[in-house]
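Understanding the architecture of this molecule
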Amino acid sequence: MTKYLYIEGACGISGDMTVAALLALGGNRQKLDTALQSLHLDGFDYHIEQKASYSIHGWDFDVHLHHSEHHHEEGYEEHSHEHTHSHHHEHRHLADIYEIINHAQMSNNARTLAKKIFLIVARAEAKAHGCPIEQVHFHEVGAVDSIVDIISASVLIDDLGIENCVVCGLSEGRGYITCQHGQLPVPVPAVVNIAETCGIPLRLTDNNGEMVTPTGIAIAAAIKTTDRLPASCKILKSGIGLGKRDFGHANFLRLMIIEDAADSNQMYVVETNIDDSTPEELGFVMEKLLTAGAADVHFEPCFMKKNRPAYILRIITPAGLLSKIEDLVFRHTSTIGLRKYPVERSCMEREKLSVRLPYGEVIVKKCWLNDIIRFYPEYDSVRELAEKNNLPLRQVFNAATLAAKEQYGA
């Protein structure tokens, strides 16, 4: 069964909400403390406690800057808003941020993720301001509290072993916020750019104010592997991270560790027509797909528009591997689109057995359904024995089939 982190995002997302929710999921507090205490940044404390938002209980992660009289607030980590306080922002470039990350005590995976998150933000800011990434001044996102958020989230995500992540969409508010660039409409340009580039839907609400921050959506974008929930799933654990903005209702980010609970017989057929991939590429993607767990992969000749000869790549895959299979097809072929539809299958029961022949052992697959019993010698096992003894493949295959019937009944 495939496990996922599901970012619900019904109340938006920010860096501090994400860190709090990851802690609520069971993220290792000691690893977090070690990483944050190793940062060469002066003037901040952080507090972790359990609170409630409109009677909904959850965790709160609060960064306090010594040179400021306020606490870090969800929705304000990248901006100085109308009824908040002004952060003291240091101007940093991406290289400066990377240097801080390089010297932090964290795993290599966490370090790589933290840099990926900052790169996503840097690209969004560069697009918003029309300048190269190298010239982006992180006078907003480079603030100490946001560096703490991103490093904290990366450490906890790595600690929880998260490999698959579902992000179906994030709720966003409306109106305007005030920052160093003046008034900006919600969603702010950096959020829009990340949503556009990374394919994250924004659900616009009537809430007045920013619900999705650049740091929050960048974290989601960095770990997202699919935008679809499994057809059915088991919730293994949930964690709630509280926001600090009062929208007149409970404000929290809920993260869930879920497990695909789809019927093991629920399969998908994935197809695409390809006329401009080389034979080597097609053979390569077939190997990749089978290694990834596809039940079957084959090619079928066809003709496309203007009578171009081509191939249909057809894959049969368990429902739980659908997103992974789609990624492999797009990554390793020239296609720009595919078809998919659910199918069900009926299978015979099966087990692998070993039979001894005069010249060695062969692995045989026994399949049965009611009173129907069949034996299929495994090709690789038959081939190895045939080559070792300089025998025809068919001779070893037939001998293994007969021996299996005699030993295990047919």
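This one's a predicted model, so the numbers in the text were calculated from it and none came from an experiment.

**A look at the pattern of salt bridges**
Applying the stated criterion across every chain, the model contains 19 salt bridges. Bridged by salt links that share partners, the residues Asp16, Glu49, Lys51, Asp60 and Lys244 form one connected network.

**Some remarks on the confidence of the model for the protein chain**
When the pLDDT values of the protein chain are averaged, the result is 88; 91% of them are 70 or greater. At the level of individual helices and strands, the protein chain shows its lowest average pLDDT in strand E6 (residues 176–179), which scores 83, and its highest in helix H1 (residues 15–24), which scores 97. Segment residues 69–89: pLDDT under 50, and 83 contacts once partners within four positions in sequence are set aside and those in other chains are kept.

**What about helix H2 (residues 29–37)?**
Looking only at H2, the buried set comprises Leu32, Asp33, Ala35 and Leu36. The buried residues of H2 occupy an angular sector of 165 degrees when the element is viewed end-on, so they sit on one face. Residues of H2 that are exposed and point over 90 degrees away from its buried face: Gln30 and Gln37. Its buried side turned inward, H2 meets H1, strand E2 (44–53), strand E3 (56–65) and helix H5 (144–159). Sitting at the amino-terminal end of H2 is asparagine 28, which places a side-chain oxygen 2.8 Å from the backbone nitrogen of glutamine 30.

**Topic: the nonpolar core**
Of all hydrophobic cores here, the largest spans 70 residues; its most connected members are Leu5, Ile7, Leu39, Phe44, Phe61 and Ile151. Judged by nonpolar contacts, the second largest core, of 15 residues, contains Leu282, Leu289, Leu313 and Leu328.

**Focus: the sheet that holds strand E11 (residues 266–274)**
In a beta sheet, neighbouring strands are held together by backbone hydrogen bonds and run either parallel or antiparallel to one another. Read from one edge of the open sheet, four strands run E12-E13-E11-E14, paired in antiparallel fashion. Each having just a single partner strand, strand E12 (296–303) and strand E14 (339–344) make up the two edges of the open sheet. Taken over all neighbouring pairs, the strand axes of this sheet differ in orientation by 25 degrees on average, direction set aside. Direction of pairing for E12 relative to strand E13 (residues 309–318): antiparallel, over a ladder of eight bridges. Paired with valine 297 across the strands is isoleucine 315, a residue of E13. Helix H9 (residues 322–332) rests against E11, E13 and E14 of the sheet, and its axis sits at about 155 degrees to E13.

**Re the pairing of strand E10 (residues 252–260)**
Taken across its nine residues, E10 has eight buried, putting it largely inside the fold. Bridging between strand E1 (residues 3–7) and E10 involves five bridges; their strand directions are antiparallel. Across the sheet, the residue bridging to tyrosine 6 is methionine 256, located in E10. In this structure, strand E9 (residues 233–242) lies alongside E10, joined through nine bridges in antiparallel fashion.

**What to know about the pairing of E6**
Burial of E6 is one-sided: the residues Ile177 and Cys179 facing one way are buried, the residues Tyr176 and Thr178 facing the other way are not. Bridge analysis of E6 against strand E7 (residues 182–185) gives four bridges, and the strand direction is antiparallel. Residue pairing across strands places cysteine 179 opposite glycine 182, the latter belonging to E7.

**A closer look at the packing of helix H4 (residues 108–129) against helix H6 (residues 189–198)**
The description of two helices packed together rests on the angle between their axes and the distance between the axes. Where H4 contacts H6, the two axes come as close as 8 Å, and the packing angle between them is 115 degrees. Relative to H6, the crossing made by H4 is right-handed. Residues Ile120, Val121, Ala124, Glu125, Lys127 and Ala128 of H4 form the contact with H6, whose participating residues are Pro189, Ala190, Asn193, Ile194 and Glu196. Each residue belonging to the contact of H4 with H6 can be placed in one class, and the counts come to seven nonpolar, one polar and three charged.

**Some words on the packing of H1 against H5**
Where H1 meets H5, the closest approach of the two axes is 9 Å, and the angle between their N-to-C directions is 25 degrees. Of the possible angle classes, the one that applies to H1 and H5 is roughly parallel. Crossing hand, H1 versus H5: left-handed. For the pair formed by H1 and H5, the contact residues are Gly15, Asp16, Val19, Leu22 and Leu23 on the first element and Asp149, Ser152, Ala153, Leu156 and Ile157 on the second. Residue composition of the contact of H1 with H5, by class: six nonpolar, two polar and two charged.

Reading the values: the criteria
Residues numbered from 1 in each chain as written. Predicted model: local features only at pLDDT ≥ 70, side-chain atom pairs only at ≥ 80, totals over all residues. Heavy atoms only, no water. Salt bridge = Lys/Arg side-chain N within 4 Å of Asp/Glu carboxyl O. pLDDT = per-residue confidence, 0-100. Helix = DSSP H or I, 4+ residues; strand = E, 2+ residues; numbered from the N terminus. Contact = heavy atoms within 4.5 Å. Buried < 20%, exposed > 50% of the residue type's maximum accessible area, 1.4 Å probe, protein only. Arc of directions from axis to C-beta. Polar contact = N/O pair within 3.5 Å; in protein donor to acceptor, adjacent residues only side chain to side chain. Core = buried A, V, L, I, M, F, W, Y, C linked by side-chain atoms within 4.5 Å. Pairing = 2+ DSSP bridges. Axes fitted to C-alpha atoms, helices over the stretch in contact; angles between N-to-C directions. Left-handed = near helix turned anticlockwise from the far one by under 90°. Nonpolar A, V, L, I, M, F, W, Y, C, P; charged D, E, K, R; others polar. Parallel < 35°, antiparallel > 145°, perpendicular 65-115°, else oblique.

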